[in-house]
Amino acid sequence: MSKPINVGLLGAGVVGSGVIKTFQQKAADIERQVGAKVIVTHALVRNKSKNRGFSCSDDFFVDSASEIINNPNVDIVVELMGGEEPAYEYIKGSLKSKKHVVTANKEVMAKHCQEVFSLAKSNKVRIMFEGSVAGGTPIISPLVRDLLANDIHSIRAIINGTTNYMLTKMAKEHADYLTVLREAQSLGYAESDPTNDVEGIDAAYKLAILSTLGFRCEVKDTDVFREGITKLSASDFVYAEELGFNIKLLAMANLINNRIQARVHPVLIAESDMLAKVDGVLNAVEVDTDLVNKVLFHGPGAGSLPTSSAVVADIVNISRSLVAESPIPDPITLVNSYDISSINELTCQYYIRLNAKDEPGVLAQVSSILGDNGISISSFIQKDSETSSGNAELVIMTHTSTEQSVQDALCNIDRLPVVNEISITIRVAD
Ligand SMILES: NC(=O)c1ccc[n+]([C@@H]2O[C@H](COP(=O)([O-])OP(=O)(O)OC[C@H]3O[C@@H](n4cnc5c(N)ncnc54)[C@H](OP(=O)(O)O)[C@@H]3O)[C@@H](O)[C@H]2O)c1
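Treat the numbers as computed from the prediction; the structure is a model and nothing was measured.

A. View of the overall build of the protein chain. The number of helices and strands found in the protein chain is 14 helices and 19 strands. For 430 residues, the compact-globule estimate of 2.2 N^0.38 gives 22 Å, and the C-alpha radius of gyration of the protein chain, at 24 Å, lies within 12% of that figure. The principal-axis extent of the C-alpha atoms belonging to the protein chain is close to 85 × 45 × 35 Å. Pairs at least 24 residues apart make up 76% of the contacts formed inside the protein chain by residues separated by at least 6 positions.

This is the structure we're talking about:
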């Protein structure tokens with residue numbers, strides 16, 4: 001049996017505690033798989049006296065990262081603090097100290113993967129981050145290893161459980177946005193400040209990582225076009241259903257003519273589409289490739305034990321190569337350099353809901369502007385006015401159009417005296 005492998009955790013919160021418990025419960029199994037004991041020796045936390053639901057020795061918790069990063073006995077540093085800083089500094093410091101690193105930090109990986117990969121390479125250590133996207137559902141390893149022989153055409157994903165829970169509630173109960181947000185907060189699915197989830201920031205981090213790995217080209221979070229779910233109302237779900245669609249926050253990336261388009265926004269998605277059926281806090285990632293065509297990864301996207309499954313697997317993977325004394329494989333090589341295409345180049349169908357005066361000729365004026373911009377109407381729904389207001393709601397589905405022409409048309413429609421407001425425009429998923 002080889003000498004024990006020592007693991008230091010930076011963070012022992014939701015995921016870190018799950019990792020510690022998993023190691024405590026499965027120590028014998030892991031030892032058999034690795035051929036050595038794998039021991040979590042220390043964890044950095046802010047509050048050492050917090051009860052974390054596992055037992056440990058008195059000196060287990062440390063209050064300085066350097067006690068782990070610069071500890072010559074630590075082989076693998078596991079960063080589970082979250083946020084960009086100080087996590088990024090600690091990851092860099094660990095790699096420079098020639099420690100292998102496991103992280104579940106989507107923000108650091110979305111913003112700095114190129115630097116992190118090259119630091120790992122130059123220090124001849126490994127960086128693994130399966131937990132950073134889709135929690136317990138494997139997707140990083142399939143992209144990096146199992147689909148290696150494929151050219152990836154596109155990725156479509158539901159990778160934010162909080163918003164998927166909210167949108168599922170809105171679809172099934174026709175509840176409004178604020179009601180489902182409050183419910184998600186009371187269940188602990190949404191933070192008290194839900195911005196990262198509802199504005200698509202969290203999904204954009206994860207899409208940047210998936211795109212980088214899938215297209216072998218660095219895609220940063222800032223390359224991802226992003227729109228959140230805050231403008232959706234209960235009525236959009238009613239109309240979508242009438243039209244045969246569901247509404248989801250989709251993260252999508254594709255490679256066309258050597259240009260990557262990456263975007264996160266709500267979409268109308270045909271009810272028959274597999275992704276339309278992914279409900280609640282679950283995640284799903286669909287990858288479309290030249291060899292396997294479409295493959296779908298579906299499962300829990302967060303949670304203490306599901307995410308610890310991904311993190312522990314990364315630790316075990318590194319431990320096995322340490323025991324085997326196998327050469328350290330290069331981190332993913334980003335061999336491609338593609339341009340990022342603007343959202344204005346997108347072509348798709350559009351759903352437009354607007355509130356207008358309930359008088360003759362409104363649809364004619366709106367469709368005339370759409371026509372002037374080369375946009376034709378595929379169908380529309382008009383709801384009777386509330387007699388008191390004298391206004392009516394109009395829902396228009398366009399045929400496939402370009403984003404630029406739709407935005408130009410919307411500017412002019414907004415100026416029509418008969419139009420009170422353009423309530424929302426939602427793109428339709430391919
Ligand atoms: N939660 C999930 O389901 C999930 C799923 C997938 C990926 N992830 C990712 O996993 C990582 C960890 O998430 P989490 O939910 O476990 O977070 P968390 O519950 O907030 O835990 C963070 C841990 O880091 C410690 N910490 C934070 N800042 C620190 C600092 N400056 N100095 C010392 N210790 C510090 C905290 O100490 P205290 O406990 O003393 O406050 C806590 O133990 C994040 O990158 C997250 O995005 C989470």
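B. Fine view of helix α11 (residues 234-242). Among the residues of α11, those classed as buried are Asp236, Phe237, Tyr239 and Ala240. For α11, the buried positions fall inside an angular range of 165° around the axis, keeping them on one side. At the C-terminal side of α11, Gly244 shows a positive phi close to 90°.

C. Structural detail: the sheet that holds strand β1 (residues 5-10). Judged by pairing direction, the sheet is parallel, and its six strands sit side by side in the order β3-β2-β1-β4-β5-β6 without closing on themselves. Strand pairing shows two members of the sheet lacking a second neighbour, β3 (61-62) and β6 (127-128), which therefore form its edges. Looking at chain direction, β1 and strand β4 (residues 76-79) are connected through four bridges and run parallel. Paired with Val7 across the strands is Ile76, a residue of β4. Across the sheet, helix α12 (residues 304-324) lies against β1, β2 (38-44), β4, β5 (100-103) and β6, angled at about 165° from β5, the strand it touches most.

D. Seen up close, the site of the ligand. Around the ligand, the structure places 23 residues, and the nearest of them are Gly11, Gly13, Arg46, Gly82 and Ala302. Per-element accounting of the shell around the ligand gives the leading share, three residues, to helix α1 (residues 14-25). Residue composition of the shell around the ligand, grouped by class: ten nonpolar, ten polar and three charged.

E. Here's a closer look at the pairing of β1. Across the six residues that make up β1, a large majority, five, are buried. Looking at chain direction, β1 and β2 are connected through six bridges and run parallel. Bridge pairing in β2 places Leu9 opposite Ala43.

F. Representation of the nonpolar core. Within the largest apolar cluster, 129 residues are counted, with the highest numbers of intra-cluster contacts made by Leu9, Leu10, Val78, Ala157, Leu207, Leu210 and Leu250. Broken down by element, the residue count for this core peaks at nine residues, all from helix α10 (residues 201-215). Contact partners of Val78, with chain neighbours within four places excluded, come to Val7, Leu9, Leu10, Val19, Val102, Val311 and Ile315.

G. The arrangement of the environment of Asp176 in detail. You can see Asp176 is positioned in the loop between α7 (161-173) and α8 (177-186). Sequence separation between Asp176 and Leu232 is 56 residues; the distance between their C-alpha atoms is 8.3 Å. Non-local contacts of Asp176, meaning those with residues more than four positions away in its chain, are made with Ser233 and Ala234.

H. Structural context of the packing of α7 against α8. Two numbers describe how α7 lies on α8: the axes approach to 9 Å, and their chain directions differ by 130°. One way to sum up the angle between α7 and α8 is to call them oblique. Here the hand of the crossing between α7 and α8 comes out right-handed. In contact with Thr162, Tyr165, Met166, Lys169 and Met170 of α7, α8 contributes Tyr177, Val180, Leu181, Glu183 and Ala184. Among the residues forming the contact of α7 with α8, the class breakdown is seven nonpolar, one polar and two charged.

I. Region of the structure containing the pairing of strand β15 (residues 350-357). With respect to burial, β15 is a largely interior element, six of its eight residues being buried. Bridge count between β15 and strand β17 (residues 391-398): seven bridges; the pairing is antiparallel. Paired with Arg353 across the two strands is Val395, which belongs to β17.

J. Highlighting the environment of Leu210. Inspection of the secondary structure puts Leu210 in helix α10. Among the residues examined, Leu210 registers 26 C-beta atoms within 10 Å and is labelled buried. C-alpha of Leu210 to C-alpha of Ala253: the two residues are 43 residues apart in sequence and 8.7 Å apart in space.

K. Structural detail: the domain arrangement of the protein chain. When the domains of the protein chain are assigned, the result is domain 1 (5-136 + 303-324), domain 2 (140-300) and domain 3 (343-428). Just the C-alpha atoms count here: the centres of domain 2 and domain 3 sit 25 Å apart. At the interface, 14 residues of domain 2 touch eleven residues of domain 3. Of all the secondary structure elements, the ones that give two or more residues to the side of domain 2 that touches domain 3 are α11 and β10 (259-270). Per-element accounting of the side of domain 2 that touches domain 3 gives the leading share, six residues, to β10. Looking at side-chain class alone, the side of domain 2 that touches domain 3 contains eight nonpolar, two polar and four charged residues.

Parameters and conventions
Residues numbered from 1 in each chain as written. Predicted model: local features only at pLDDT ≥ 70, side-chain atom pairs only at ≥ 80, totals over all residues. Helix = DSSP H or I, 4+ residues; strand = E, 2+ residues; numbered from the N terminus. Rg over C-alpha atoms; globule rule 2.2 N^0.38 Å. Contact = placed C-beta atoms within 7 Å. Buried ≥ 20, exposed ≤ 12 C-beta atoms within 10 Å, placed from the backbone. Arc of directions from axis to C-beta. Pairing = 2+ DSSP bridges. Axes fitted to C-alpha atoms, helices over the stretch in contact; angles between N-to-C directions. Near = placed C-beta within 6 Å. Nonpolar A, V, L, I, M, F, W, Y, C, P; charged D, E, K, R; others polar. Core = buried A, V, L, I, M, F, W, Y, C linked by C-beta atoms within 7 Å. Parallel < 35°, antiparallel > 145°, perpendicular 65-115°, else oblique. Left-handed = near helix turned anticlockwise from the far one by under 90°. Domains from an automatic or database assignment.

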